[in-house]
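An overview of the molecular structure
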Amino acid sequence: MIRRRVVVHGLVQGVFFRDTVRRQAVTRGVAGWVRNTREGTVEAVFEGAPGAVGSLVAFSHEGPRGARVDRVDVFDEEPQGTSGFSVR
């Protein structure tokens, strides 16, 4: 079990980024959350199996159709036993 927090910079709001991440997380059995920030970024926390979390981190570098990802900051965090995935 691992936990990663990502902050995605670029044209990432208003392009269904959060909902796409939520659907992919649920499909992969990854827990956590995703939200828009005041700074215009998308922030997300992924917790689960290393391969599943890694695939979501990789997706964050691309985003859904219509997004333009300029940079992704990735932070390792201690797993907290999170369950479910939510859009905040």
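A word on the pairing of strand 1 (residues 2-11)
Across a regular strand the side chains alternate sides, sitting on one face of the sheet and then on the other. Where strand 1 and strand 3 (residues 42-48) come together, seven bridges link them in antiparallel fashion. Counted as the bridge partner of Val 8 is Val 42 from strand 3. Of the pairings in the sheet, the one linking strand 1 to strand 4 (residues 68-77) comprises nine bridges and is antiparallel in character. Along strand 4, the bridge assignment pairs Leu 11 with Arg 68.

A few points about the sheet that holds strand 3
Pairing in this open sheet of five strands is mixed, and the strands run 4-1-3-2-5 from one edge to the other. Each edge of the sheet is formed by a strand with only one pairing partner; in this case those strands are strand 4 and strand 5 (85-87). Direction aside, the axes of adjacent strands within the sheet are offset by 15° on average. In the sheet, strand 2 (residues 31-36) pairs with strand 3 via six bridges, with the strands oriented antiparallel. Within strand 3, the position partnered with Trp 33 by the bridge is Val 45. Contacts from helix 1 (residues 17-28) reach strand 1, strand 2, strand 3, strand 4 and strand 5, with the element oriented near 170° to strand 5.

Re the pattern of salt bridges
According to the stated counting rule, one finds ten salt bridges in the structure shown. Notably, a salt bridge pairs Arg 23 with Asp 19, separated by 3.1 Å at the nearest N-O pair. Linking Arg 23 with Asp 19, this pair stays in helix 1, spanning four residues, or about one helical turn. Among the residues examined, Arg 23 registers a relative accessible area of 45% and is labelled partly exposed. Accessibility expressed as a relative area gives 29% for Asp 19, which makes it partly exposed.

Parameters and conventions
Residues numbered from 1 in each chain as written. Predicted model: local features only at pLDDT ≥ 70, side-chain atom pairs only at ≥ 80, totals over all residues. Heavy atoms only, no water. Pairing = 2+ DSSP bridges. Helix = DSSP H or I, 4+ residues; strand = E, 2+ residues; numbered from the N terminus. Axes fitted to C-alpha atoms, helices over the stretch in contact; angles between N-to-C directions. Contact = heavy atoms within 4.5 Å. Salt bridge = Lys/Arg side-chain N within 4 Å of Asp/Glu carboxyl O. Buried < 20%, exposed > 50% of the residue type's maximum accessible area, 1.4 Å probe, protein only.

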